[in-house]
Amino acid sequence: MDSLHQKKDITILAIESSCDDTGAAIISNGKMCSNVVATQAVHEQYGGVVPELASRAHQQHIIPVVDAAIKKSGKAKSDISAVAFTQGPGLLGSLMVGASFAKSLALGFNVPLIGVNHLNAHVLAHFIDNDSCDFPYLCLLVSGGHTQIVKVNDAQTFEILGSTRDDAAGEAFDKTAKMLGLPYPGGPVLDKLAQSGNPQAFKFPDSRVDKLDFSFSGLKTAVLYFIRDKSEIDPSFVEQNLNDICASIQETIVSYLMRKLKKAVKETGIKEIAISGGVSANSGLRAAVTDEAKKQRWTLHLPALEYCTDNAAMIAQAAHFQFINNDFATQETVPYARNH
Ligand code: KG4
Ligand code: ZN
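Quick notes on the rules
- Residues numbered from 1 in each chain as written.
- Chains lettered and ligands numbered in written order.
- Predicted model: local features only at pLDDT ≥ 70, side-chain atom pairs only at ≥ 80, totals over all residues.
- Heavy atoms only, no water.
- 1 Å grid on protein atoms, 1.4 Å probe; cavity = no way out; pocket = protein on both sides within 12 Å on 5 of 7 lines; lining within 4 Å.
- Points joined across faces, edges and corners; volume = space filled by probe spheres on them.
- Helix = DSSP H or I, 4+ residues; strand = E, 2+ residues; numbered from the N terminus.
- Nonpolar A, V, L, I, M, F, W, Y, C, P; charged D, E, K, R; others polar.
- Buried < 20%, exposed > 50% of the residue type's maximum accessible area, 1.4 Å probe, protein only.
- Pairing = 2+ DSSP bridges.
- Right-handed = clockwise from strand over helix to strand, strands pointing away.
- Near = heavy atom within 4 Å.
- Polar contact = N/O pair within 3.5 Å; in protein donor to acceptor, adjacent residues only side chain to side chain.
- Domains from an automatic or database assignment.
- Core = buried A, V, L, I, M, F, W, Y, C linked by side-chain atoms within 4.5 Å.
- Axes fitted to C-alpha atoms, helices over the stretch in contact; angles between N-to-C directions.
- Contact = heavy atoms within 4.5 Å.
- Buried area = accessible area lost by both parts, 1.4 Å probe.

(A) Main features of empty space enclosed by the protein. The final tally for this structure, using the stated rule, is 1 cavity of 30 Å³ or more. Of the pockets and cavities examined, the largest cavity occupies roughly 50 Å³. Taken together, Pro205, Asp206, Ser207, Ser215, Phe216, Gly218, Leu219, Thr252, Ile253 and Tyr256 make up the lining of the largest cavity. Elements supplying a minimum of two residues to the lining of the largest cavity: helix 7 (217–233) and helix 8 (237–268). The element best represented in the lining of the largest cavity is helix 8, accounting for 3 residues. Of the residues contributing to the lining of the largest cavity, the split by class is 5 nonpolar, 4 polar and 1 charged.

So this is what it looks like as structure tokens:
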């Protein structure tokens, strides 16, 4: 596109709308200028994300969020040299809102379009305002939709060494939290309660799946039966032991994740380690990986809390790399719900 070559600065407007957060960010020559996110409270009353309501909320939020991101960045619309959007994976209706909006903007501004993979963006979030990650590095990507160990060879090459066979780590947190009567999303609430509980109080099994893959469905069932059996004997059991139950569930999930991560380090010999995704905000996981890094002399990259959960800054960062590599999308590009 002509305008691509007319602007010497690389200033990208990025839009994230894969699930229930509407985000927009501006990155200019690799420096993040603004990062705005609007969360959707509408899902709380349903105990989970309702896809149709998420699409509608994106429609409501997208213009104010994009507007705010441009204003906060100090850049003019005419400075924008590309528009990026999350292409997938995610909820199709939600992705469609961001994709259509980004396409229209790119057309209106006469600039190229960049389609970004949401998971790659989580993994590249470590480069935001910081270029200290050396390639290749291993990234434990733990979010509400995915759990993977990724070998990042460069900013464009990702090898998935292991992934979940059923639920994601974030779902394990959210679903067990829901069983305990905690509000949605349960992960951060359970984390907070766990901080004043005894992680060794109760034992839950973790799944024995091969290699570097994960499974969390067994834990979900174990917690369900545990609550049912204990509550039959004492209906106030959960209430009386809430902090200890939360701490024990968190301990099970975290030690399982750590076991797989250590196995990946052993198998690859790579000691440049990162964690990312919503669950990388978990205090137990951050403490465990920090401890292990000290013991094993890993170089550890923990994302800032604002870049753990879904945000457009990570989409902007990934788009910046794609721009440099001439990896643009066409107006015919469509979103995808599943990773490919
Ligand atoms: O990355 P993210 O915002 O969205 C997806 O791409 O899925 O991750 C959201 C997930 C939710 O399951 C949420 O409960 C979990 O991240 N999460 C946490 C914490 N903060 C967010 N889980 C455990 N502890 C936390 N502190
Ligand atoms: Zn995400």
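Now that the structure is up, let's keep going.
(B) The arrangement of the pairing of strand 9 (residues 272–276) in detail. For strand 9, a buried count of 5 out of 5 residues is recorded, marking the element as mostly surrounded by other parts of the structure. Pairing of strand 6 (residues 137–142) with strand 9, which is carried by 4 bridges, proceeds in the parallel orientation. Residue pairing for strand 9: Leu138 is matched across the bridge by Ile273. Summarising the sheet, strand 9 and strand 10 (residues 299–301) pair through 3 bridges and their orientation is parallel. Paired with Glu272 across the strands is Thr299, a residue of strand 10. The parallel pair strand 9 and strand 10 is bridged by helix 9 (residues 283–296), and the resulting crossover is right-handed.

(C) The site of ligand 1, seen in detail. Around ligand 1 sit 20 residues, and of these Gly144, Asp174, Asp191, Asn282 and Asp310 come closest. In this structure, an oxygen atom belonging to ligand 1 sits 3.2 Å away from a side-chain N or O atom of His118. Within the side chain of Asp191, one N or O atom sits 2.9 Å away from a nitrogen atom of ligand 1. Among the elements of the structure, helix 4 (118–124), helix 5 (169–179) and helix 6 (186–194) are those that each provide at least two residues to the shell around ligand 1. Looking at the shell around ligand 1 residue by residue, the class counts come to 6 nonpolar, 11 polar and 3 charged. Residue contributions to the shell around ligand 1 reach at least three from each of two domains, namely domain 1 (2–126 + 308–324) and domain 2 (134–302).

(D) Representation of the nonpolar core within the structure. Counting 45 residues, the largest nonpolar core has Leu140, Leu180, Leu257 and Leu285 as the members making the most contacts within it. With 15 residues, the top contributor of residues to this core is helix 8. If you look at the next biggest cluster of nonpolar residues, it comprises 35 residues, including Leu119, Tyr137, Ala312 and Ala319.

(E) Summary view of the sheet that holds strand 1 (residues 11–16). Strand order in the open sheet made by the 5 strands is 3-2-1-4-5, with mixed pairing throughout. At either end of the open sheet lies a strand with only one pairing partner, and these are strand 3 (31–39) and strand 5 (113–117). For this sheet, the mean angle separating the axes of adjacent strands, direction not counted, is 20 degrees. Alignment of strand 1 against strand 4 (residues 82–88), held across 4 bridges, turns out to be parallel. Paired with Ile15 across the strands is Phe85, a residue of strand 4. In the packing of helix 2 (residues 51–73) onto the sheet, contacts are made with strand 1, strand 2 (21–28) and strand 3, and the angle to strand 2 comes to roughly 25 degrees. Each of strand 1, strand 4 and strand 5 touches helix 3 (residues 92–109); the most contacted strand, strand 4, lies at about 160 degrees to it.

(F) Layout of the domain arrangement of the chain. In terms of domain boundaries, the chain breaks down into domain 1 (2–126 + 308–324) and domain 2 (134–302). Measuring from the centre of the C-alpha atoms in domain 1 to the corresponding centre in domain 2 gives 28 Å. Taken together, the contact between domain 1 and domain 2 spans 17 residues of the former and 23 residues of the latter. Contact between domain 1 and domain 2 buries roughly 1500 Å² in total, counting both sides, with carbon and sulfur atoms accounting for 70%.

(G) Expanded view of the pairing of strand 4. Burial runs high along strand 4: 7 of the 7 residues are buried. Looking at chain direction, strand 4 and strand 5 are connected through 5 bridges and run parallel. Residue pairing in the sheet places Phe85 in a bridge with Gly115 of strand 5. In terms of handedness, the path from strand 4 via helix 3 over to strand 5 forms a crossover that is right-handed.

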